[in-house]
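One letter stands for each residue in the lines below.
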Amino acid sequence: MDGGYITISSQTTGVAIATTATSASASIPAMSSGELPRFIRVAATAPACVRLGKTAATAVTTDLQVQPGDAVILSVNGNDKIAAVQVASAGVVQVSPLENM
């Protein structure tokens, strides 16, 4: 990123995944062009584990953990689904497509 800005388009919206003890998934949100983004930003209101997948995804507690207030930027690599599962308590995982990366 080299200190550049991250752009989240006002023309698109992300997805919110409610986390429980069972994995839940959603489609990765498209960019304003309608295409899958190269990168996404993932944030959580409670500790959650996330996994990307092609066509389907199921998260388990040994996947990448996202902490509240500590968003991660992930390379999509052609995947079109994201799944999340709670670590200890329910919360929400929010996913936004990044436009300029």
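These notes cover the structure that comes with them.

Conventions adopted
Residues numbered from 1 in each chain as written. Predicted model: local features only at pLDDT ≥ 70, side-chain atom pairs only at ≥ 80, totals over all residues. Heavy atoms only, no water. Helix = DSSP H or I, 4+ residues; strand = E, 2+ residues; numbered from the N terminus. Buried < 20%, exposed > 50% of the residue type's maximum accessible area, 1.4 Å probe, protein only. Contact = heavy atoms within 4.5 Å. Areas by Shrake-Rupley, 256 points an atom, 1.4 Å probe, with all protein chains shown as cover. Pairing = 2+ DSSP bridges. Axes fitted to C-alpha atoms, helices over the stretch in contact; angles between N-to-C directions. Core = buried A, V, L, I, M, F, W, Y, C linked by side-chain atoms within 4.5 Å.

### What to know about the overall build of the protein chain
Okay, step 1: If you tally the helices and strands in the protein chain, you get zero helices and eight strands.
Okay, step 2: The N-to-C order of helical and strand elements in the protein chain reads β-β-β-β-β-β-β-β.
Okay, step 3: Evaluated residue by residue, the protein chain yields a buried proportion of 37% over its 101 residues.
Okay, step 4: Put simply, of all contacts in the protein chain between residues at least 6 apart along the chain, 76% involve residues at least 24 apart.
Okay, step 5: By element, 51% of the accessible surface of the protein chain is carried by carbon and sulfur atoms, the whole surface being about 5,400 Å².

### A word on the sheet that holds strand 1 (residues 15-19)
Okay, step 1: Taken in spatial order, the four strands make up an open sheet running 1-8-3-6, and their pairing is antiparallel. This sheet does not close on itself; its edge strands, each paired only once, are strand 1 and strand 6 (72-75). Geometrically, the sheet is characterised by an average inter-axis angle of 25 degrees between neighbouring strands, direction not taken into account.
Okay, step 2: Sheet topology note: the strand 1/strand 8 (residues 91-98) ladder contains five bridges and is antiparallel. Counted as the bridge partner of Ala18 is Val92 from strand 8.

### Looking at the nonpolar core
Okay, step 1: Of all hydrophobic cores here, the largest spans 16 residues; its most connected members are Ile40, Val42, Val50, Ile82 and Val93.
Okay, step 2: Contributions of two or more residues to this core are made by strand 3 (39-44), strand 4 (48-53), strand 6, strand 7 (81-86) and strand 8.
Okay, step 3: Counting residues per element, this core draws most heavily on strand 3, at three residues.
Okay, step 4: When residues no more than four places from it in sequence are discounted, the contact partners of Ile82 are Ile17, Ala24, Ser25, Ala26, Ile28, Ile40, Val42, Val50, Arg51, Leu52, Ala57 and Val95.
Okay, step 5: Counting five residues, the second-largest nonpolar core is a separate cluster that includes Cys49, Ala57, Ala59 and Ala83.

Purely geometric stuff here, so don't read any function into it on its own.
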